[in-house]
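The primary structure of each chain is shown beneath.
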Number of protein chains: 2
Amino acid sequence: MLDTTNADRVSAVLAAFGDALDQGDIDRAVGMFTEDCYWRDLVSFTWNIRTVEGPQEVAAMLRDRLAATGPKGWTLAEGEIPTEEDGITTAWIRFETGLARGYGLIRLKDDRIWTLLTTMVELKGHEEPKGIHRPLGAKHGAGKDRLSWKEEREAEEQALGRTVQPYVLIVGGGQGGIALGARLRMLGVPTIIVEKNDRPGDSWRKRYKSLCLHDPVWYDHLPYIKFPDTWPVFSPKDKIGDWLEMYTKVMELTYWTRSTCTSASYDETAKEWTVTVDRDGEEVVLRPRQLVLATGMSGKPNIPDFPGRDTFRGDQHHSSQHPGPDAYRGKSCVVIGSNNSAHDIAAALWEHDAKVTMVQRSSTHIVRSDTLMEIGLGGLYSEQAVQAGITTEKADLIFASIPYAILHEFQIPLYEQMHERDRGFYEALEKAGFWLDWGEDGSGLFMKYLRRGSGYYIDIGASQLIIDGEIALKRGQVTEIVEDGVMLEDGTHLKADLIVYATGYGSMNGWAADLIGQDVADKVGKCWGLGSDTPKDPGPWEGEQRNMWKPTRQEGLWFHGGNLHQSRHYSQFLALQLKARMEGLPVEPWGVPEVHHLG
Amino acid sequence: MLDTTNADRVSAVLAAFGDALDQGDIDRAVGMFTEDCYWRDLVSFTWNIRTVEGPQEVAAMLRDRLAATGPKGWTLAEGEIPTEEDGITTAWIRFETGLARGYGLIRLKDDRIWTLLTTMVELKGHEEPKGIHRPLGAKHGAGKDRLSWKEEREAEEQALGRTVQPYVLIVGGGQGGIALGARLRMLGVPTIIVEKNDRPGDSWRKRYKSLCLHDPVWYDHLPYIKFPDTWPVFSPKDKIGDWLEMYTKVMELTYWTRSTCTSASYDETAKEWTVTVDRDGEEVVLRPRQLVLATGMSGKPNIPDFPGRDTFRGDQHHSSQHPGPDAYRGKSCVVIGSNNSAHDIAAALWEHDAKVTMVQRSSTHIVRSDTLMEIGLGGLYSEQAVQAGITTEKADLIFASIPYAILHEFQIPLYEQMHERDRGFYEALEKAGFWLDWGEDGSGLFMKYLRRGSGYYIDIGASQLIIDGEIALKRGQVTEIVEDGVMLEDGTHLKADLIVYATGYGSMNGWAADLIGQDVADKVGKCWGLGSDTPKDPGPWEGEQRNMWKPTRQEGLWFHGGNLHQSRHYSQFLALQLKARMEGLPVEPWGVPEVHHLG
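Residues numbered from 1 in each chain as written. Chains lettered and ligands numbered in written order. Predicted model: local features only at pLDDT ≥ 70, side-chain atom pairs only at ≥ 80, totals over all residues. Heavy atoms only, no water.

An unreviewed UniProt entry annotates chain A as Putative flavoprotein involved in K+ transport originating from Rhodovulum kholense.

Here is the structure:
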């Protein structure tokens, strides 16, 4: 009976909310929100990815967007039963706009709207051909000189980029470019993906050989084809590479390998890009309307300009270029940095009998993988979650429904639990001299990822090597590279045959600077981060990831990517934005923020 | 309340049945069956694929197998609600044996068992590593000189067939070999698949270019990885080829391309095969314990020995060798045969402006694809079925639960419906001179497929070309091939630049004759067919497909394959039989039939 009551209550709120919107009565609609409300919209109202916070911002958004959006049909999603816990009623909902069908999640406090997530599912008249609407494949009936599927595919591959211009050009064929390419293919948007490597998946294959994903399989599915039940929890890099390669093939993506974009410029009048591509040695000029940079969320490798680097006589490279440990048996290796890659690389070198020293220059957040999976991710992304009916798609929406402004409040208690559970481990690490942190406000790994994309290690074993002194640890700044090693500020001279700079990456708009020009990079500004006013994520508060998956200050320029979760989830909304533009629908992005930081 | 009653009633029957079996009281157990009962067992009781018919056969099977099987725990399957319709109560059930966990479907008439399907799901202690038991992938902790996933895979590929013998050798890498290979991989059975073509999927790619699967996507899923929702209903041949290729790769199968088995012999003492393989030019000798022929359900291409074939001056080939229509524009083409391939090839030639004559030598069963999908398959394999909760796995079991002996009774009314729906179409075909049939007893396509594997065309357009006279039709026997064409018994001289022999295939044990010897082929006898005493399926009644997926009269020799449905479904039971043998479990096949026909 309680369930019925919850359903009735939510239905009543939805009906009243829908009625107020129907009437254009913004005051009444806004009055239905709590004072501390959040409305996160993924493209359905704002043609943007945007969270409005508090009744005043809700009102401002509705004033600008209500009439054009034309929302209606607010109702509980079929087959879903609202729940109540700690005074919060939560329900999956459906709605429509003039142009699209939407899905969302609503949370009520005392029958007022506390959080609202509205997402666009599909554009009316432009639905994906799937399920009952999937293509026939075979061509029934008979017709003279029909082409086979293979002949059509070959003709399409031949024409695209030569006699037919792609509507979208995606630069970068990692999981971001591939997931977006698949969505665009399903929406019938002519797209080329340009990738510098030989094969899809090489961006994973080429990394250090011990690398496995740090995120578990339930978090990593691509759209349309899920990993099988037999897939490992943490994909080895070559295995995920093979999966991406097969996915690219069976999803019929136009994917140019051994290709690099060498320059791009936008014609504001013609509203199209001119992009020069070196396609395996041949120069091809493309004229897409939309240019998506999916070149890696972390931007370009960053190597600090330590004095004396050119005098070093051994091997030195950025972590992204590290080939693995095989050539360094018995050698002295210095790994500068103390985040994920630094730990993985140091441990693999140790496994191959290298003498490894890690140089920790700043504090690092460490969580043990098992603990993170169980306490941090298990509720949404785990076998238990799947068995409780939380599919990956649902988990994505639940995660998306928690406003960034208060996400840390949900995270802090989890990390307190993790700290408690692994107290002995952390004490041992500190005793070994390791400089720990838990994020600025104790909110841990996800917030660090969202705010700055760095500053942590998900421990799968290297921490024990540090605790045991198997990997030597040095804390402090590097003052100089000398011909036989690394000098630290305390005068320590670390002799080295190999130096690995696990020193992170620049901002993603650095790719735009290289490809298009510094002026455009500056115009769009820094990518990623929330404006949380914490280290490496300066304020003011943005409320969303800067520039990602949404309109930027440069028309026709988009940034896409992130981990597999983000590549999967946000590709949906980016694809819909691009499709709507191709179809000439009235797209009016609302609330595109000012640029506060250049990179 | 009705549901509760059904559940209670079935539970009571299961409890009583379980109790009788527990007590070893075979008479009491048999007394619970109806007089017209059928018990189909897939490996769980009989280590065989076997239907026992009537109480006496049930009793005979139980007398031999009850004690060794040790069944227990008969209960309704979780989450499934028994249904009642037309006096038949149907329920999904679970049970265990001493060695395995089982799943099944039971149908009651007046609370007595009318049909019982028992299938083996997994061997205790040898479960597939999936879901909660999936591998970790990453190697947590640290250890000296650990290999990466890629290094381990490469080492395994290097060793298997050289320093490590495969337990199973699968000859033929089409969907049959691939699906079985995947199951065996998941069960940890060292297996090599040998395939003559260059790439997995080539057995489809190399066929005539207009070919698409005649079965729809819901019927075609492979184990573990389903086609995405966006996959076409009828897969074009090159697209299914690409899928098979990627599947082979991501499922990590050891798959030797450009390889042919040239001879095989079995050592009855050592219980192992000696198989010589031409591996891309290199001779490799393998010593597997089990040899699986998955070389194509239809056996070797059959070309009737028409006199004068060597005098023909044009192109002539079997339908399996037909390259497609491109080279025959404007040419006179004679297609001998009137089944699926004959129609597809004739239509594609017509589309490329060839002059096509089809020679119909015997009557043919024709159903229109749309009609077949809707009336024949829709209940089990369709988007509607999926939405009604009938997954492909469930559909397979429902289909498997209907005893072959009475399957035709279920089929006849469906084909009467189809005939009625398309009456005008059939009239037009007959008017055009086409010689129609509906199977010996009017039971249509599936029964023809199961009985003889031939004799039908699923119409996707060629019939209209025949009705319209665009494809010329000649009825009668071929008497001779002459240098410029084909002579028929009525004296007709069909001039031809191309003759396509769409004249079917031999029995699958022909492969065994070629590879192992005629003695072994004769020892195992004919493959496929039910013994229905209808054309091309001589009696006596077998009750199951001859020799397929189950023990043969030659120890260590197995036949596997069929369409994608059969390759998927029966690979489960064949894989479990092979795994049990590898683990040395007490496997005692019961009821392996006598051989009545040589091929």
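Next comes the rest of the account.
Participant: Please give an account of helix H14 (residues 444–451) of chain A that cites residues and values.
Facilitator: All names here are of chain A. Within H14, eight of the eight residues are buried, which leaves the element mostly enclosed by the surrounding structure. Residues of H14 that are buried include every one of Gly444, Leu445, Phe446, Met447, Lys448, Tyr449, Leu450 and Arg451, and no others. Just downstream of H14 lies glycine 453, where phi reads positive at about 70 degrees. (Buried < 20%, exposed > 50% of the residue type's maximum accessible area, 1.4 Å probe, protein only. Helix = DSSP H or I, 4+ residues; strand = E, 2+ residues; numbered from the N terminus.)

Participant: Which residues make up the packing of aromatic side chains, and what values do they have?
Facilitator: Going through the model one piece at a time under the given rule, you end up with 46 aromatic pairs over all chains. Plain terms: the ring middles of tryptophan 549 of chain A and tyrosine 570 of chain A are 3.9 Å apart, the flat faces sit at 5 degrees to each other, and that makes the pair stacked. Placement of tryptophan 549 of chain A in the loop between helix H17 (518–524) and strand E25 (557–559) and of tyrosine 570 of chain A in helix H18 (residues 564–582) is noted, with a sequence separation of 21 residues between them. What makes tryptophan 549 of chain A buried here is its relative accessible area of 1%. Overall, the relative accessible area of 4% leaves tyrosine 570 of chain A in the buried class. Plain terms: the ring middles of phenylalanine 33 of chain B and tryptophan 39 of chain B are 5.8 Å apart, the flat faces sit at 15 degrees to each other, and that makes the pair stacked. Using a relative accessible area of 0% as the deciding quantity, one classes phenylalanine 33 of chain B as buried. Here the aromatic cluster, defined as three or more aromatic residues joined through ring pairs, consists of Phe17, Phe33, Trp39, Phe45, Trp74 and Phe95 of chain A. A cation over a ring is seen here: arginine 279 of chain B above tryptophan 256 of chain B, with NZ or CZ 3.8 Å from the ring centre. (Phe/Tyr/Trp six-rings, centres within 6.5 Å; stacked < 30°, edge-to-face > 60°. Lys NZ or Arg CZ within 6 Å of the ring centre and 35° of its normal.)

Participant: Go over the interface of chain B and chain A, please, and point to the residues and values.
Facilitator: In this complex, chain B contributes 58 residues to the contact, which on the side of chain A involves 58 residues. The interface formed by chain B and chain A includes 14 salt bridges. If one sorts the elements of the side of chain B that touches chain A by residue count, helix H7 (residues 237–250) of chain B sits on top with seven residues. (Contact = heavy atoms within 4.5 Å. Salt bridge = Lys/Arg side-chain N within 4 Å of Asp/Glu carboxyl O.)

Participant: Please give an account of the sheet that holds strand E8 (residues 168–171) of chain A that cites residues and values.
Facilitator: Pairing between sheet strands relies on hydrogen bonds along the backbone, with the strands arranged either parallel or antiparallel. Residue and element names in this part refer to chain A. Spatially, the five strands line up as an open sheet ordered E10-E9-E8-E14-E25, and their pairing is parallel. The two strands at the open ends of the sheet, each matched to only one other strand, are strand E10 (255–256) and E25. Taken together, the four bridges between E8 and strand E14 (residues 290–293) define a ladder with parallel strand orientation. Across the sheet, leucine 169 pairs through a bridge with leucine 291, a residue of E14. Along the sheet, H18 contacts E8, E14 and E25; its crossing angle with E25, the most-contacted strand, is approximately 165 degrees. (Pairing = 2+ DSSP bridges. Axes fitted to C-alpha atoms, helices over the stretch in contact; angles between N-to-C directions.)

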